[in-house]
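# What the coordinates show
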Amino acid sequence: MRRPLRALGLALCAGGLLACASTSPSPAASDGPPPATAQVEPPASERDPLQGWNRTMFWFNDQVVDRYVLGPVAHGWMAISAPTVRTHVEQFFDNLNFPGYFVQPALQGDPHQSAVALARFIINSSLGVAGVFDPAEAHFHLQKRKEDMGQTFGVWGIPPGSFLVLPVIEPATCVRDFAGWPVDQILNVGDTYFWSWFAPYGETAFRDVNRRALADEQLTSIREASLDFYAAARDAYFKRRAVAIRNGADDETTQEPSDDLYQIDDDSSPKQP
Amino acid sequence: MTSIRSMTTRVRSSRSAALAALAAMLLAAPLAWADAAVDGAKASLQVTTDQVLAVLNDKSLDKPGRLKKLENIALDRFDFPRMTLLVLGKNKSQLSPEQLSEFQEEFKRHLSLTYGKQIEKYTSDEKIQTGDARVEPNKDVTVKTRIVGGAAGEGLRIDYRLRADGDDWKIIDVIPENVSLIGNFRSQVQEIVTQKGVGQLIQTLRDKNAQAQQQQGTGGGAK
């Protein structure tokens, strides 16, 4: 199980980097002649020049990987485990992400958060029994904050770039965040495929199954409630990442897009670019 | 000499007091409005959540009955026509009046079906905490809530955006974990309209609703 996944992961890693390299210049160049995929109406898919590839991969992840492998296994796991067990399993893995949660805030100029991450790691690894419990948040009010290289790039002002879907390993990402992937593979130990080279058992697979189980309800509801599952997932990805980069600081900073969103019906003549 | 000085200071202080009072009044007027808006929106949302909780805790209802009641609450508390327009955005101009009214009907059904189904998962184990609210630049009010306990696990943040409707407030957007429902639907609508056209948009919505309705029916029948 691990071997093919790992090999696939690496192959895709290389492939993804090639994709980054070949696509990143195109948005800048698209000012002149419109790209081949451009329709009469440009906006919605502006961040998605790779839509053909992405939709195919999204379909593959959803209708093949999830439907026949990951989903059924996750449902099996859900049948024999209590929800709290799944939460604690996730907390164990997330605790291992400490190096990333410590280094990234420092790179973002937020050493205070690095200190919080350090304190959380010490407390949860000891009192929290190797991270299974989270006394740091429960008793010390040290809140968890997930950090990765992509967020740091975002803080530095690097735009997200094109949306990107990769089979199995990245159901939703973007060029910027995927560029941070190699760093995350080293630092965010609980999230990586890299360290599983050195781990003898199927921890990585177990972690992914557990995560899929935790996301089950959400996944089902998005599937059912969306008209275009792919477009819904893409929109949610970009929104969530923007919030993560602002560290959840409230939407008060997002005034321009959200205002436009709520205003447009009052303007009977929408401003066309 | 001393008396004159004390008099001038008194005059000056009373003048500055008047100025301060004036400034306070000027500032307070919009602040008072904002407070009233926040209170109104919060109260309105509270009524809604109380209604929902009452339905969820009503053990005498069977599943279809409960869903029906939740849908009715949604129909009453959400401003569906406005939500439809927000979701369509500038694509609205591409719909004929008949298509617009059909879309509006189907979208309303879609939202009330999915909303009912989402909410229906929750039981009395979960608690809804109403948090801060803020006034948006366009005078909408966003109220933060958090669902904790039970199936919500670590806690689920849901913000509601409300717009004044006469004396009342109606929900115009639901924002779970920072992802606006309206924004999310708008990008889907944009995608479908660009790639497949308006006809396909309405057809997709119709299919989705038929599917949801059917599921709801079988779900109820199994009970």
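Reading the values: rules and limits
- In this numbering scheme, every chain counts its residues from 1 along its sequence in written order.
- Working convention: letters from A go to chains and numbers from 1 go to ligands, in the order in which they are written.
- The model is predicted, so local features are restricted to residues of pLDDT at least 70 and side-chain atom pairs to those at 80 or more, both for listing and for counting; the totals for chains, interfaces and linings are taken over all residues.
- Side-chain figures throughout are based on the complete set of non-hydrogen atoms in the structure, without hydrogens or water.
- Only buried Ala, Val, Leu, Ile, Met, Phe, Trp, Tyr and Cys residues count toward a nonpolar core, and they belong to the same one when joined by side-chain atoms within 4.5 Å.
- Burial classes: relative accessible area under 20% of the type maximum marks a residue as buried, over 50% as exposed, and values in between as partly exposed (1.4 Å probe, protein chains only).
- Secondary structure is summarised from DSSP: a helix means a run of H or I of at least four residues, a strand means a run of E of at least two, and numbering begins at the N terminus for each.
- We call two residues in contact whenever any of their non-hydrogen atoms come within 4.5 Å of each other.
- The pairing criterion is simple: DSSP has to find at least two bridges between the two strands.
- Axes here mean lines fitted to C-alpha atoms, for a helix over just the part in contact, with angles spanning 0 to 180 degrees between N-to-C directions.
- What qualifies as a polar contact is a pair of N or O atoms within 3.5 Å, subject to a donor-acceptor requirement within protein and to the restriction that residues adjacent in sequence count only when both atoms come from side chains.
- The pLDDT score gives, residue by residue, the confidence of the prediction method on a 0 to 100 scale.
- Like charges are joined within 9 Å and nonpolar side chains (Val, Leu, Ile, Met, Phe, Trp, Tyr) within 5 Å, but only among residues with over 30% relative accessible area and no salt bridge; these make up the patches.
- Only the protein chains shown count as cover for residues, and all accessible areas are computed by the Shrake-Rupley method using a 1.4 Å probe.
- Within this document, salt bridges are pairs made up of a side-chain nitrogen of Lys or Arg and a carboxyl oxygen of Asp or Glu, the two lying within 4 Å of each other.

### What to know about the nonpolar core
- Counting residues in each nonpolar core, the largest one holds 48 residues, and the members touching the most others are Phe78(B), Phe103(B), Phe107(B), Tyr160(B) and Leu201(B).
- Considering each element in turn, this core owes the most residues, seven residues, to helix H1 (residues 2–57) of chain B.
- Those residues in contact with Leu201(B), other than ones at most four positions away along the chain, are Leu227(A), Leu88(B), Phe103(B), Val189(B), Ile192(B) and Val193(B).
- Core analysis: the next-biggest nonpolar cluster, separate from the first, contains ten residues, Phe58(A), Val165(A), Cys174(A) and Tyr230(A) among them.

### Concerning the sheet that holds strand S1 (residues 127–135) of chain B
All names here are of chain B.
- The strand order S1-S2-S3-S4 describes an open sheet built from four strands, whose pairing is antiparallel. Only two strands of the sheet have a single neighbouring strand rather than two, namely S1 and strand S4 (168–176). Here the strands of the sheet are splayed against their neighbours by 25° on average, with no regard to which way each runs.
- The pairing of strand S3 (residues 156–165) with S4 spans eight bridges and is classified as antiparallel.

### Digging into the side chain of Thr114(B)
Residue and element names in this part refer to chain B.
- Mapped onto the elements, Thr114 comes out in helix H4 (residues 97–120).
- Thr114 sits in the buried class, given a relative accessible area of 16%.
- A polar contact of 3.3 Å, which involves the side chain of Thr114, links it to the backbone oxygen of Leu111.

### Here's the deal with the confidence of the model for chain A
Residue and element names in this part refer to chain A.
- Predicted confidence across chain A gives a mean pLDDT of 79, with 76% of residues reaching 70 or more.
- A low-confidence stretch, residues 1–44 stays under pLDDT 50, and its non-local contacts, those more than four residues away or across chains, total 35 contacts.
- Ignoring residues within four places in sequence, the model shows residues 252–256, a span with pLDDT below 50, making four contacts including any to other chains.

### Digging into a nonpolar patch on the surface
All names here are of chain A.
- Together, Ile186, Phe194, Trp195, Trp197 and Phe198 give the surface a local cluster of nonpolar side chains, amounting to about 530 Å² of exposed area.
- On the secondary structure map, Phe194 appears in the loop between helix H10 (181–187) and helix H11 (203–214).
- Exposure remark for Phe194: the relative accessible area of 31% places this residue in the partly exposed category.

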